[in-house]
Amino acid sequence: MRGAVFLDRDGTIIHDPGYLDDAGRVALLPNAAEGLGEMTRAGWPLVIVSNQSGIARGLYGPDSFAAINRRLEELLAPARVRFLAAYFCPHLPEISGACRCRKPGVELFERAAGEHNLDLARSWFVGDRARDVEPALTLGGRGLLVVHEDQAEDVQRAARLGLARAADLLAAASIIGALGP
């Protein structure tokens, strides 16, 4: 079994305008392609795991999530980045009730591990919010917070929990390392 890099999508790989429903508006964050390219070359399988409460809110459907992922892969193709899989939670507790798949829940990570023979304890959990990286604590992997200007609370929480922090995905790639899974 090998480890993987589990990545949040919105705010980690691409700009997050809030409830993104149009593939034409997909824009990579600075250094995202370079960082993901380094992880790919090092042999890390990349898996997207994303909370998509806009689905529960009726703002868009699963087809929009898929279209945005296709556009993301088009933008990353020049860097030879491909994702092993993409998973999403379509729920919002206030609308659809509690679930195990909404991060920091671990259901989607466990599903990915089972479907792709991945070792969660050897994996990295990367995102721009504490809830994206906290599953590392439950599953035995390593968490890495991609830090933006508006995240003081998430940065403090990550520091208290001993989780790594990086300015972008290129810096994250150097922390994750070139040794591979």
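Structure report, in brief. All residue numbers refer to position in the chain's written sequence, counted from 1. Whole-chain, interface and lining totals are the exception, using all residues; otherwise, since this is a predicted model, local features are given only for residues with pLDDT of at least 70 and side-chain atom pairs are given and counted only at 80 or more. Calculation of side-chain values draws on the structure's entire complement of heavy atoms; hydrogens and water are dropped beforehand.

**Focus on the environment of N51**
Filter applied, for reference: Here a strand is any run of E in DSSP of at least two residues, a helix any run of H or I of at least four, and the numbering for each starts at the N terminus. By the convention used here, residues are in contact when the closest approach between their heavy atoms is within 4.5 Å. Nitrogen and oxygen atoms within 3.5 Å of one another constitute a polar contact, given that in protein one can donate a hydrogen and the other can accept it, and given that sequence-neighbouring residues count only through two side-chain atoms.
Here N51 shows up in strand 2 (residues 46–51). Spatially, the C-alpha atoms of N51 and F65 are 11 Å apart, while their sequence positions differ by 14 residues. If we skip the residues at most four places from it in the chain, N51 touches C89, C101, R102, K103 and R131. In this structure the side chain of N51 is engaged in a polar contact, spanning 2.9 Å, whose partner is the backbone nitrogen of K103.

**Some words on the layout of surface pockets**
Heads up, the condition is: Buried and open spaces are told apart on a 1 Å grid over the protein atoms alone, a cavity being a set of points where a 1.4 Å probe fits but cannot get out and a pocket being an open set with protein on both sides within 12 Å along at least five of seven lines. Residues with an atom within 4 Å of a point are the lining residues. Grid points are joined across faces, edges and corners, and a volume is the space filled by probe spheres set on the points. By the convention adopted, Pro, Cys, Tyr, Trp, Phe, Met, Ile, Leu, Val and Ala count as nonpolar, Lys, Arg, Asp and Glu as charged, and the other residues, Gly among them, as polar.
Of the voids in this model, the largest pocket is the one considered here, and its volume is about 450 Å³. Together, 24 residues line the largest pocket, and D10, D16, N51, D128 and R131 are the ones closest to its centre. Every element with two or more residues in the lining of the largest pocket is listed here: strand 2, helix 2 (53–56) and helix 6 (130–133). Classifying every residue of the lining of the largest pocket gives five nonpolar, nine polar and ten charged.

**Description of the state of the cysteines**
Rule in force here: Any two cysteine sulfur atoms lying within 2.5 Å of each other are counted as a disulfide.
Taken as a whole, this structure holds zero disulfides when the rule is applied. Its sulfur unpaired, C99 is 3.7 Å from the next cysteine sulfur, which belongs to C101.

**A short note on helix 3 (residues 62–76)**
Put simply, the rule is: Between the first and last residue of a helix there are one fewer steps than residues, each counted as 1.5 Å, and that sum is the expected span. Burial classification: accessible surface area is computed with a 1.4 Å probe over protein chains only, and a residue below 20% of its type maximum counts as buried, one above 50% as exposed, and the rest as partly exposed. What the arc covers is the set of directions going from the helix axis to the C-beta atoms.
Given a rise of 1.5 Å per residue, 15 residues ought to cover 21 Å, and the 21 Å separating the end C-alpha atoms of helix 3 matches this to within 8%. Here helix 3 has its buried residues at S64, F65, I68, N69, L72 and L76. Seen from one end, helix 3 has its buried residues packed into an arc of 140°, which puts them on one side. Turned more than 90 degrees away from the buried face of helix 3, the exposed residues are D63 and R70. Tucked inside the fold, the buried residues of helix 3 contact helix 1 (32–41), strand 2 and strand 3 (85–89).

Fair warning: the whole summary comes from geometry, so function is off the table for now.
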